[in-house]
Every structure is written in C-alpha cells, then in structure tokens.
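One-letter residues, chain by chain:
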Amino acid sequence: MKIAILGFGSVGKGLARIINEKNLGIIITAVGDSKSGIIDNKGLDICKILDNKEKTGLCGDMKITPELILNSADYDVLVEVTPTNADTGQPALEYIKYALSKGKSVVTSNKGPIALEYSNLLKIAEENKCFLRFEAAVCGAIPIIHALEHGLAGNNIKRIYGVFNGTCNYILTRMSDEKLTYQQALLEARELGYAEADPTYDIKGIDAAIKLVILANTILGFHKTLDDVDITGIDNIPSDALQLAGEDEKTIRLIGEIDVENEKLRVSPRILLKNHTLVVQDTLNAVTAETDLAGNVTLIGKGAGSVETASSIISDLLFIRECNGRRY
Ligand SMILES: NC(=O)c1ccc[n+]([C@@H]2O[C@H](COP(=O)([O-])OP(=O)(O)OC[C@H]3O[C@@H](n4cnc5c(N)ncnc54)[C@H](OP(=O)(O)O)[C@@H]3O)[C@@H](O)[C@H]2O)c1
C-alpha cells in the first residue's frame, strides 16, 4: 500500500516513524508540509526526511506543493494530517475532496472537514469507490469509531457520553487532587504542552462539541452542526466547587453527551462520584456507549499524542487495505 502524507507535524512525523520501524507493508511515496514537499514513487528515505525536518524545518523541496503531491505522486491513500480549522475545514477540505474525486481513499485525523462536510465527502468517496476514514479525529488512540460502527453493530445505541477533551480533564484533575485554582492548573497544562497557547477551543468545550458532532453525524446519521450543541466550558468553575464535591466523594468532569432518542448534544461540567467509570485521570479520554444488547461499553485511553494518534491512522490504513482484498 502506497501512501502520501500531507502535514508533517507531531502526527505526521509520528506516523512516518512508526511506518518506518514496523513491517506493515506500507510505503510512503510523498510527504508535504506548509512550505515544502518530497516525492519518490519507489518509497522515501524517512530517516533522512525526519532529520531534514528537524534541522531545517522543511521536509523537502520548496517547489513541491501539496497540489503537486496530490496530482503527481503515486499513492493509494492520502493521509491528511494538517491543522484543524473548525470554521472552514481548510486547507484539509480541498485536499480531501481532490483525492477522493480521483478515486484515492483518505485517512484523516482532522476534525474540521468531517464535522463540517461529512455527508458531502462520503458521497464523493462512494461515487469514486474509495474510502474515507477518520478514527484519529475523535479521542486519538481510542478506537471509538470502529467500536461503534463494527464492534457494536446490530445494537441500538441509546446514549454516547464521556470525557472527550484531555486538556480539560487534566485541569479538573489537578484542581481536584492538588487543590489548584483554575488559573494555576491551566498554567501547568500549558507548561507541560497539554494546552495550546490559546486554549479557548478546549476550555470552552468547543473541541469536545466538535467530536460529538462527528459521532452524531457519522455513526448515528444525524445532521448536526456545532450550533446544535448546548455547550458550557470549564472556565467558570470555581475552585471551591471541586472542594465541595470532594467532601462528598465526588468530583467534576467535562462530559460530552449524545442523547440519541431526543437527538440532543450537550457538553457541560458534571458532578460524578469519584469512583465513576468516567472519572479518569490527567489527560485520559473515556467514552461510554449505552446500548440495548451489549449494555454499557466503556473505552478509556489516550486522546492525543504523536504515536497514539498515529495508531488510529494505521488501523484505518490497514482496514482500507483489508476492505480492498489486500490488493495493495
Ligand atoms: N497532536 C495530536 O495529538 C492530535 C490528536 C488527534 C488529532 N489531531 C489532529 O491531527 C492534525 C495534525 O495535528 P498535529 O498535532 O500533527 O499538528 P501540527 O504539529 O501543528 O502539524 C501540522 C502540520 O501541517 C502542516 N501544514 C500546515 N498548513 C499546511 C498546508 N496548507 N498544507 C500542507 N501542510 C500544512 C504543518 O507544516 P509546517 O511543519 O511547515 O508548519 C505541519 O507539518 C490536526 O488536525 C489535529 O487537530 C492531533
């Protein structure tokens, strides 16, 4: 299987490193970042490219653009791992549409295009007999899409709820366990690289809401947008709320919930017993699916990280190869 990777940051580099180390039968023929690119249809020298990126900030030649890669590289699947833009989905949306319209399958970790245009992208993929997979876009390493789509096939899903944002979970864990104020916990999360310089998307609950929209539209067949989600973030939780909850063996977590019957999506801080399944520590994510046959199924794992996110991308790549009867 030959792949082209657009985006060579944390996830793109992690993926390239794993593919280079493991014998998965995946060949990387092209890589592109914001300013450069490189193509070799026989397979790239990944160590050299990683080294180059480290030293110069470029993965290849400044004359090689993403458009050139999409048009002229030899690839079966495009791996799209450029930054998320939740308002426009760009530039990822155009890259994905272009590849699908040429009959190339796409694997992405990017929430923007899936939250904004899933049904349109799926239509293009179906018309061109190729696949669109996005396991890494929701909860990083946790195979939640695969579990809901395949593992729990035949079940009626009544509710999906859980911890969808590791940054908020870290902040709330530290406020509860170490009695830090919100500002102190946020500062610590920034210093450890868990929070962005501008953490608005995380702490206001928007990131978790986008993930709910993706699950609702892709797994449950809803047609929701971010505006349909009732969102409350964690930025207004007073420290004494956690202290008070703690006195009762309870704590607070930012919970995203899809109420399937009522088609309601909500993100809000909730008080939970400390021993509740969803009270996971630090940056972990946890998702419970409430079903008619299997009962409650909860998956817990790392919601972010270079290699962890690459794990989901690899599972999507291998799934596509399997579905294609291992033709490549
Ligand atoms: N990091 C995680 O743990 C994680 C987890 C789940 C999902 N995701 C999602 O995965 C995607 C990648 O995340 P990341 O952490 O790897 O981001 P990142 O470290 O910021 O890397 C983004 C990469 O995209 C490149 N890029 C920017 N604009 C581009 C353009 N117009 N055309 C081609 N390449 C472009 C950047 O180029 P330069 O190198 O030249 O700047 C960089 O190589 C995002 O959508 C993110 O939301 C990330």
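Cut-offs applied
- Residues numbered from 1 in each chain as written.
- Predicted model: local features only at pLDDT ≥ 70, side-chain atom pairs only at ≥ 80, totals over all residues.
- Helix = DSSP H or I, 4+ residues; strand = E, 2+ residues; numbered from the N terminus.
- Rg over C-alpha atoms; globule rule 2.2 N^0.38 Å.
- Buried ≥ 20, exposed ≤ 12 C-beta atoms within 10 Å, placed from the backbone.
- Contact = placed C-beta atoms within 7 Å.
- Domains from an automatic or database assignment.
- Nonpolar A, V, L, I, M, F, W, Y, C, P; charged D, E, K, R; others polar.
- Pairing = 2+ DSSP bridges.
- Axes fitted to C-alpha atoms, helices over the stretch in contact; angles between N-to-C directions.

If you had to explain the overall build of the protein chain to someone new, which residues and values would you point to?
A tally of regular secondary structure across the protein chain gives 12 helices and 12 strands. Scaling as 2.2 N^0.38, a compact globule of 328 residues should have a C-alpha radius of gyration of about 20 Å, and the protein chain matches this with 20 Å. When the backbone C-alpha atoms are referred to their principal axes, the protein chain occupies close to 60 × 45 × 35 Å. Counting every position in the protein chain, which comprises 328 residues, the buried fraction comes to 47%. The contacts of the protein chain with a sequence gap of at least 6 include a subset with a gap of at least 24, amounting to 70%.

Can you tell me about the domain arrangement of the protein chain, naming the residues and giving the values?
Split by domain assignment, the protein chain resolves into domain 1 (2-141 + 307-323) and domain 2 (144-302). Taken over C-alpha atoms, the centre of domain 1 sits 27 Å from the centre of domain 2. At the junction of the two partners, domain 1 supplies 14 residues and domain 2 supplies 16 residues. Put simply, the parts of the chain that give the side of domain 1 that touches domain 2 at least two residues each are helix 5 (111-127) and helix 12 (306-323). Here the side of domain 1 that touches domain 2 gets four residues from one element, more than from any other, and that element is helix 5. Residues belonging to the side of domain 1 that touches domain 2 are distributed by class as follows: nine nonpolar, two polar and three charged.

If you had to explain the sheet that holds strand 5 (residues 105-108) to someone new, which residues and values would you point to?
Strand order in this open sheet of six strands is 3-2-1-4-5-6, and the pairing throughout is mixed. One side of each edge strand has no neighbouring strand; the edge strands of this open sheet are strand 3 (37-39) and strand 6 (132-133).

An account of the sheet that holds strand 12 (residues 296-302) is needed here, citing residue identities and associated values.
Across the sheet, six strands lie side by side as 8-10-9-7-11-12; this open sheet has mixed pairing. Strands with a single pairing partner mark the edges of an open sheet, and in this sheet they are strand 8 (229-231) and strand 12. Adjacent strand axes in the sheet meet at a mean angle of 25 degrees, parallel and antiparallel pairs treated alike. Here strand 9 (residues 250-259) pairs with strand 10 (residues 264-273) via 10 bridges, running antiparallel. The residue of strand 10 that forms the bridge with Ile255 is Ser268. Lying over the sheet, helix 10 (residues 206-219) contacts strand 7 (157-163), strand 8, strand 9 and strand 10, oriented at roughly 35 degrees with respect to strand 9.

Please provide a residue-by-residue account of the environment of Leu318, values included.
Positionally, Leu318 belongs in helix 12. Placed 294 residues apart in sequence, Leu318 and Leu24 show a C-alpha to C-alpha distance of 8.5 Å.

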